[in-house]
Amino acid sequence: MIQDRLKTAITEALMAIGVVSPKVTLEHPADIAHGDYSTSVALAYSRELKLAPRIIADKIVAHLTTLKLDDVAAIEIAGPGFINIRLTRSFFSNEIVRILKEGKNFGTNTTLKGKKIVIDYTNPNPFKVFHIGHLMANAIGEALSRIIEAHGAEVVRVNYQGDVGLHVAKAMWGMLQKESEFPKDDATLEDMINYISKAYVVGAAAYEGDGGSGANKTAKEEIIIINKMIFDRSNPKLMKMYEWGRKVSLLNFEVIYRKLGTKFDHYFFESEVAADGVAIVQDFLKRGVFTDSEGAIVFKGEPYGLHTRVFITSQNLPTYEAKEVGLTRLKFDRFNPDMSIVVTANEQNDYFRVVLKALSIMFPYMAGKMKHVNHGMLRLSTGDGASMKMGSRKGNVITGESLLSDVSALALEKMKDRDFGAQESAKNQAIIDVSVGAIKYSILKQAPGGDIIYDFEKSISFEGDSGPYLQYACVRARSLIMKAEAAKIKPFSSSGLFGKKKANLAAIPAEVTLLEKILYRYPEVVERAGQTYEPHHIVTYLIELSAAFNNFYANSTIVDATDKAAPYRVALTEAFTTVMSNGLNVLGIRVPVKM
C-alpha cells in the first residue's frame, strides 16, 4: 500500500537525522485541500533531536524529495511543522483499475497467513431464550471472524453453549409443573420454544422465592436436586425431557444463525467440559495454583491485582470458571490456535481477567494467545429518550426473534411499494437482509464496550446513518452499472486505462473526485480494524464512502454514451460497488438484489 511506502520513506528520513527506532504515523487530513496524507513526526521528535519542528520537517522533505517517490505529486510543510503529501492523478486512476482487477479480494492482506484463530461467540444457552445480547455477540463475533479472515488467517468459529447448570434445572422444574401443557407432536418450533421459555420463567421465580420459606423453599431444594440429576444423568424420565428441550433449543438457534448469516465450525457444551475442568482445577490445587477455602476451591487473584473467584463449590460442583478452564484447554488441544478470542458482554470482564490469569499460570504456552473482546448492552429506545433493560428470569426479555420480526415488519412497510415482479422469494430475502443489516449496523457502528440504544425508525431508514442506507447505495450503483451495460458503455480495463491509446488519458477528468480519494483507503481501514479488533472503523469508512458516492451521483451524468468520460465514471461506479460490497460482506451484512 502507498501508506506503507510513505511510512518506510519517512522512517528512513528520521533515522538519517538521528532518530533511533522512529515510529511514524500517517493520517488523512480532515480537509482534503490539505493533501492526501499528513504526518506530525517533526513535532513528535523535536525534543529528542533538540531542533525546531520546522527544521526537522525541512530535513524530512528534502530527504523524501531526493527519493523521487512514485505516485507522490507534492510534499508541503504547513504550520509549525506538519508535513502534507499529495498523490498524483495517475495514482487514483490506477487504484480504480486495481479495485476492478482484484474484485472480491480488494481489501484483503496476508499479514496473518498461516495463522489459526479460534473465535468463540454468541453462546446462547439451551432452555433459555436467544435474547438481544446474543445478537450483539453474534454481530461482533461474525464481523471479527470475517475481518481476521481478510488478513489471511484460518478462522475457526466456535459456539460454547450451557446445556447443563442451574438455568437448565430451573427450566426442567418449570416443565414438570407444566407437564400437562407439553407440546404435541405436531406443535410448531415456535410453540415448543414458547413452552420452554414459560417453564424457565416459572422455575426461576420459584427458585428466587420470597426469602426461602414455605413452598418456595421446597421448590429451591427440588431445583438443586434436579441440577445434580442432570449432571449425573440419574433419572431416565428427567433425561428424556432434558434431551427433548436441548434438541428443540439448538434447532431454534440454527434457524436464527441462518438468518444472521453465521455458520459455526464447532459447538462446545458445558456438559462436555465440566468434568475436565474439575480434574484440571483439582490437579493444580495440589500444585499450589488454587487454594482450599472452606471446602471450595478458589483462585486468589489479589497477588495479581485481581480478586478471588470460586472454581469448584463446596458441593464439589464446577462453577463457570472451572468449565471455562476445561473449555479453553479443549480448544487448544483440538485446534492448536495461534490465538483464542472470546466475545462476551462487559459484565464478564472481571470473570475473564481472573480465569485468563489462572490459565496462563497453569498453561504458560497459552499466555499471550488468549483475548477477551467485550461488548456493552443492547437496549431498546422507548421513544422518549429512555431505554428498556430486560431479564429472562422475569419473562420480560426481548428475544432475538422478536427484534428481527419487529424490524422486518418495518422493512416490509418501507419496501411495500418496491417492484420485485413475480420474485416473491427475492422480496422476502430482501426484507430479511435489510432487517438483519439494520440491526448489525446499529451494533457495529460504535466501538465494542459501550451500551447501544436501539432506535427502530432510525435503524431502518434508507437515508443517513443506517445499514439500509449503505445497502441501498450499493443497490443503486449496481442498477447504474446495468444501465451502462444496456447502453454498451464499458468501464476502462486495466490494459486500456494507461496503455498506448492517448485518448484514454484525455477521457479521465483532470480533477480527482472525493470518491476516488476515499475508495483506495479501504485496505488501510480493514487492516486497522483487524489490528484493534474494532469493526466500527469499517462502518465509519463505509458511511463516508456512501456519502462521497451519493455526491458523485448527484453531480455527474454517469450513463451517457455520448460523453467520452462516461467509461471512467462507470469504472468509478463499479469500483464503488466492489468496495461497498466487500465492506458490507466483511461486516456480515448482505446486499439485497433489489430494494
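The structure under discussion appears in the preceding block.
What counts and how
- Residues numbered from 1 in each chain as written.
- Predicted model: local features only at pLDDT ≥ 70, side-chain atom pairs only at ≥ 80, totals over all residues.
- Heavy atoms only, no water.
- Helix = DSSP H or I, 4+ residues; strand = E, 2+ residues; numbered from the N terminus.
- Buried < 20%, exposed > 50% of the residue type's maximum accessible area, 1.4 Å probe, protein only.
- Contact = heavy atoms within 4.5 Å.
- Areas by Shrake-Rupley, 256 points an atom, 1.4 Å probe, with all protein chains shown as cover.
- Lys, Arg positive; Asp, Glu negative; His and termini not counted.
- Charge placed at Lys NZ, Arg CZ, Asp CG, Glu CD.
- Salt bridge = Lys/Arg side-chain N within 4 Å of Asp/Glu carboxyl O.
- 1 Å grid on protein atoms, 1.4 Å probe; cavity = no way out; pocket = protein on both sides within 12 Å on 5 of 7 lines; lining within 4 Å.
- Points joined across faces, edges and corners; volume = space filled by probe spheres on them.
- Nonpolar A, V, L, I, M, F, W, Y, C, P; charged D, E, K, R; others polar.
- Polar contact = N/O pair within 3.5 Å; in protein donor to acceptor, adjacent residues only side chain to side chain.
- Axes fitted to C-alpha atoms, helices over the stretch in contact; angles between N-to-C directions.
- Parallel < 35°, antiparallel > 145°, perpendicular 65-115°, else oblique.
- Left-handed = near helix turned anticlockwise from the far one by under 90°.
- Pairing = 2+ DSSP bridges.
- Right-handed = clockwise from strand over helix to strand, strands pointing away.
- Core = buried A, V, L, I, M, F, W, Y, C linked by side-chain atoms within 4.5 Å.

A. Looking closely at the overall build of the protein chain. On a plain count of helices and strands, the protein chain comes out with 22 helices and 14 strands. Projected onto its principal axes, the C-alpha coordinates of the protein chain cover approximately 90 × 70 × 45 Å. Out of the 595 residues belonging to the protein chain, those deemed buried represent 51%. Considering only contacts in the protein chain between residues 6 or more positions apart, those separated by 24 or more positions represent 74%. Within the structure as shown, the protein chain displays about 27,400 Å² of accessible surface, and the carbon and sulfur contribution to it stands at 51%. Each charge class in the protein chain can be summarised by its mean position, and for the 72 positive and 67 negative side chains these summaries are 4 Å apart.

B. Representation of the environment of Ile85 in the model. Structurally, Ile85 can be placed in strand β3 (residues 82–87). Accessibility expressed as a relative area gives 1% for Ile85, which makes it buried. The spacing of Ile85 and Ala73 is 12 residues in sequence and 7.7 Å in space, taken between C-alpha atoms. Those residues in contact with Ile85 that sit more than four places away from it in its chain are Leu6, Ile10, Gly35, Asp36, Tyr37, Val72, Ala74 and Ile75.

C. Layout of the pattern of salt bridges. In this structure the tally under the stated criterion is 25 salt bridges. For Glu95, the salt bridge goes to Arg98, with nearest N and O atoms at 3.0 Å. Of this pair, Glu95 and Arg98 are both found in helix α5 (residues 89–102), 3 residues apart, which corresponds to roughly one turn of the helix. The partner of Arg246 in a salt bridge is Asp163, with the nearest N and O atoms 3.0 Å apart. Placement of Arg246 in helix α10 (residues 236–260) and of Asp163 in the loop between β5 (154–161) and α7 (166–177) is noted, with a sequence separation of 83 residues between them. Each member of the pair Arg246 and Asp163 is classed as buried. It is possible to trace a salt-bridge network through shared partners that takes in Glu142, Arg146, Glu149 and Arg157.

D. Seen up close, empty space enclosed by the protein. The tally for this structure, following the rule as stated, stands at 3 cavities of 30 Å³ or more. Estimates place the volume of the largest cavity at around 50 Å³. Every residue lining the largest cavity is listed: Glu324, Thr328, Lys331, Ser340, Val342, Phe352, Leu356, Met370 and Lys371. Listing elements by their share of the lining of the largest cavity, those giving two or more residues are α12 (320–335), β10 (339–345), α13 (349–362) and β11 (370–375). Here the lining of the largest cavity gets 3 residues from one element, more than from any other, and that element is α12. When its residues are assigned to classes, the lining of the largest cavity shows 4 nonpolar, 2 polar and 3 charged. Approximately 40 Å³ is the volume found for the second largest cavity. Leu135, Ala139, Leu260, Leu404, Val436, Ile439, Lys440 and Ile443 are the residues that line the second largest cavity. The set of elements that each furnish at least two residues to the lining of the second largest cavity consists of α6 (132–149) and α15 (424–444). It is α15 that provides the largest number of residues to the lining of the second largest cavity, a total of 4 residues. Along the lines of polarity and charge, the residues of the lining of the second largest cavity split into 7 nonpolar, no polar and 1 charged.

E. Spatial organisation of the side chain of Thr262. Here Thr262 is to be found in the loop between α10 and β6 (266–269). On the accessibility criterion, Thr262 (8% relative accessible area) is buried. In terms of polar contacts, Thr262 uses its side chain to reach the side chain of Asn138, at 3.3 Å.

F. Broad picture of the packing of helix α21 (residues 536–555) against helix α22 (residues 566–586). α22 packs onto α21 with a crossing angle of 155° between their chain directions and a minimal axis gap of 11 Å. Classed by the angle they form, the pair α21 and α22 counts as roughly antiparallel. Of the two possible hands of crossing, α21 and α22 adopt the one that is left-handed. Facing α21, whose interface residues are Ile538, Tyr541, Leu542, Leu545, Ser546, Phe549 and Phe552, α22 presents Arg569, Leu572, Thr573, Phe576, Val579, Met580, Gly583, Leu584 and Val586. Here the residues of the contact of α21 with α22 are counted per class, giving 12 nonpolar, 3 polar and 1 charged.

G. Region of the structure containing the pairing of β11. By the bridge criterion, 6 bridges tie β10 to β11 in an arrangement that is parallel. The partner of Thr344 across the bridge, within β11, is Asn374. Handedness of the β10-α13-β11 crossover: right-handed.

H. Structural detail: the environment of Thr578. By secondary structure assignment, the location of Thr578 is in helix α22. With 326 residues separating them in the primary sequence, Thr578 and Asn252 have C-alpha atoms 34 Å apart. Those residues in contact with Thr578 that sit more than four places away from it in its chain are Ile99 and Gly103.

I. The nonpolar core, seen in detail. Residues Leu519 and Leu545 are the most contacted members of the largest nonpolar core, which totals 93 residues. Broken down by element, this core gets its largest block of residues, 11 residues, from α22. Ignoring anything within four residues of it in the chain, the contact list for Leu519 reads Ile96, Ile99, Phe106, Tyr541, Leu545, Leu572, Ala575, Phe576 and Val579. Membership of the second largest hydrophobic core comes to 28 residues, among which are Phe127, Val164, Tyr195 and Tyr207.

These results come straight from atomic positions and should not be treated as a statement about function.
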